[in-house]
Amino acid sequence: RHGWVFAQWVVAHAQRYHVLSAIYADHIWTSWAASLGWRDYEHPGGPTRNPVLRHLDHVHVAVESGRPFGFRPR
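Please read these numbers as outputs of a predicted model, since none were measured by experiment. (Residues numbered from 1 in each chain as written. Predicted model: local features only at pLDDT ≥ 70, side-chain atom pairs only at ≥ 80, totals over all residues. Heavy atoms only, no water.)

S.K.: Whenever I open this one, the sheet that holds strand 2 (residues 27–30) confuses me. Can you help?
M.R.: Hydrogen bonding along the main chain pairs the strands of a sheet, whether they run parallel or antiparallel. Taken together, four strands build an open sheet; the order of strands is 3-2-1-4 and the sheet is antiparallel. Pairing within the sheet leaves two strands with one partner each, and these edge strands are strand 3 (39–40) and strand 4 (60–63). Across four bridges, strand 1 (residues 19–24) lies against strand 2 in antiparallel orientation. What sits directly across from Tyr24, in strand 2, is His27. (Pairing = 2+ DSSP bridges. Helix = DSSP H or I, 4+ residues; strand = E, 2+ residues; numbered from the N terminus.)

S.K.: How should the packing of aromatic side chains be read in this particular structure?
M.R.: Geometry of an aromatic ring pair is reported as the spacing of the ring centres plus the angle between the planes. Counted by the stated rule, this structure contains four aromatic pairs. Note on Trp4 and Tyr24: the rings are 5.1 Å apart at their centroids and 85° apart in plane angle, and the pair reads as edge-to-face. In this pair, Trp4 is assigned in helix 1 (residues 2–12) and Tyr24 in strand 1, connecting sequence segments 20 residues apart. With a relative accessible area of 11%, Tyr24 lands in the buried category. Summarising the aromatic geometry, the rings of Trp4 and Trp38 are spaced 5.1 Å apart at their centres and angled 80° between planes, so their arrangement reads as edge-to-face. Of this pair, Trp4 sits in helix 1 while Trp38 sits in the loop between strand 2 and strand 3, placing them 34 residues apart in sequence. By relative accessible area, which is 29% here, Trp4 ends up partly exposed. A relative accessible area of 22% means that Trp38 is categorised as partly exposed. (Phe/Tyr/Trp six-rings, centres within 6.5 Å; stacked < 30°, edge-to-face > 60°. Buried < 20%, exposed > 50% of the residue type's maximum accessible area, 1.4 Å probe, protein only.)

S.K.: Even after reading the chapter, I still don't get the pattern of salt bridges, so can you show me in this structure?
M.R.: Proximity of charged atoms lets side chains of opposite charge pair with each other. Across all of its chains, the model carries one salt bridge by this definition. Of the charged contacts in the structure, one is a salt bridge between Arg54 and Asp26, with a shortest N-O distance of 2.5 Å. One end of the pair, Arg54, is in the loop between strand 3 and strand 4; the other, Asp26, is in the loop between strand 1 and strand 2, with 28 residues separating them in the sequence. Given the relative accessible area of 25%, Arg54 is considered partly exposed. (Salt bridge = Lys/Arg side-chain N within 4 Å of Asp/Glu carboxyl O.)

S.K.: Would you explain the environment of Ser65 in this entry?
M.R.: Note that Ser65 resides in the segment after strand 4. Assessed through its relative accessible area of 69%, Ser65 is described here as exposed. Separated by 47 residues in the primary sequence, Ser65 and His18 have C-alpha atoms spaced 8.8 Å apart.

S.K.: Looking at this structure, I do not really get the side chain of Thr30. What am I missing?
M.R.: Locating Thr30 in the fold gives a position in strand 2. Thr30 has contacts with Leu20, Ser21 and Arg39, leaving out every residue within four places of it along the chain. (Contact = heavy atoms within 4.5 Å.)

The structure is reproduced here in C-alpha cells:
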C-alpha cells in the first residue's frame, strides 16, 4: 500500500518536480502519455520474474536533469 501511495503522490506532483516517468508493481506512468494514466509495464529485456526489474519492491522515478527546457527564472 505504501508504494502505491508514494507512486500516486509522484504522479500528482509530476509537473512541479519535472517527473518524466514512474514505474511500480508492473505499471508505468509517463508524462508524455499522462492522459492514458497507469499502463501495464514490462521490462525492456522482456518478461521476467525478478521482483526488482518488475519494480515490485520500490518506486522507480525518472526526472529531467537540470532545468526544464524553456525555464526562465523570475
